[in-house]
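So you can see what is in the structure, the chains are spelled out below.
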Amino acid sequence: AIVPCNGIGKQTVRVQVESNGAWTNTVDLPVFASYPSLFTISNSGRGPAAALNFENGQYNTNPTPRGGIVLLFGNGEGQTTPACKDGEIVATTEPFPRPLLPVTVEVGGKPAALTYVGSAPGLVRGVFQINMFLSPDTPIGDAVPVVVKIGDRTSQPGVTLRVR
């Protein structure tokens, strides 16, 4: 789910979900300046990231080499410039909305060099894309942990990349 723009600056928002014509009880949820969450192949929020290898455009189920470029996708980047517009599809040409808070990424505990952080072109506002170079000393493996930090919040644990 993507929080509507009018949630910015609030302490809590009231949420109710409809599924197949039935409504859940309403709950009040806290609002944070950011709360990054990475998309995963399984849609569970854990396991292999729904990431692309820049070199061949394939999912990261094919490992990326150390020093290679990976594209990550997620949501929860917080306020952007220009400001958010509910339901807007991001243009496929510059300028792209970018988060106001600082962003860092670690893969296997090694900082990645970020080349782009912003809204994902062609997708709905609220979905971010991060393009990054893996460090030459990134650990090698089939389940190397990846963590995005935006402001003072980090993405969920248990998200991984394949690195060779």
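Up top is the structure.
Residues numbered from 1 in each chain as written. Predicted model: local features only at pLDDT ≥ 70, side-chain atom pairs only at ≥ 80, totals over all residues. Heavy atoms only, no water.

## Observations regarding the overall build of the chain
- Each helix and strand counted, the chain has zero helices and 17 strands in total.
- Expected size for 164 residues packed as a compact globule is a radius of gyration near 15 Å; at 16 Å, the chain falls within 12% of this value.
- The principal-axis extent of the C-alpha atoms belonging to the chain is close to 45 × 35 × 30 Å.
- Evaluated residue by residue, the chain yields a buried proportion of 37% over its 164 residues.
- Of the contacts formed within the chain by residues at least 6 apart in sequence, a portion of 57% connects residues at least 24 apart.
- When the accessible surface of the chain is split by element, carbon and sulfur atoms take 56% of a total near 9,200 Å².
- Each charge sign in the chain was given a centre, from 12 positive and 11 negative side chains, and these centres are 4 Å apart. (Helix = DSSP H or I, 4+ residues; strand = E, 2+ residues; numbered from the N terminus. Rg over C-alpha atoms; globule rule 2.2 N^0.38 Å. Buried < 20%, exposed > 50% of the residue type's maximum accessible area, 1.4 Å probe, protein only. Contact = heavy atoms within 4.5 Å. Areas by Shrake-Rupley, 256 points an atom, 1.4 Å probe, with all protein chains shown as cover. Lys, Arg positive; Asp, Glu negative; His and termini not counted. Charge placed at Lys NZ, Arg CZ, Asp CG, Glu CD.)

## Let's talk about the pattern of salt bridges
- Per the stated rule, a full pass over the model turns up five salt bridges.
- For Arg98, the salt bridge goes to Glu94, with nearest N and O atoms at 3.5 Å.
- What makes Arg98 partly exposed here is its relative accessible area of 30%.
- Overall, the relative accessible area of 51% leaves Glu94 in the exposed class. (Salt bridge = Lys/Arg side-chain N within 4 Å of Asp/Glu carboxyl O.)

## Side note on the pairing of strand S8 (residues 69-75)
- Most of S8 is tucked away, with seven of its seven residues classed as buried.
- In this structure, strand S5 (residues 37-38) lies alongside S8, joined through two bridges in antiparallel fashion. For Ser37, the partnering residue across the bridge sits in S8 and is Asn75.
- In terms of strand pairing, strand S7 (residues 52-53) meets S8 through two bridges, oriented antiparallel. Paired with Asn53 across the strands is Val70, a residue of S8. (Pairing = 2+ DSSP bridges.)

No statement about biological role is implied by the geometric values presented.
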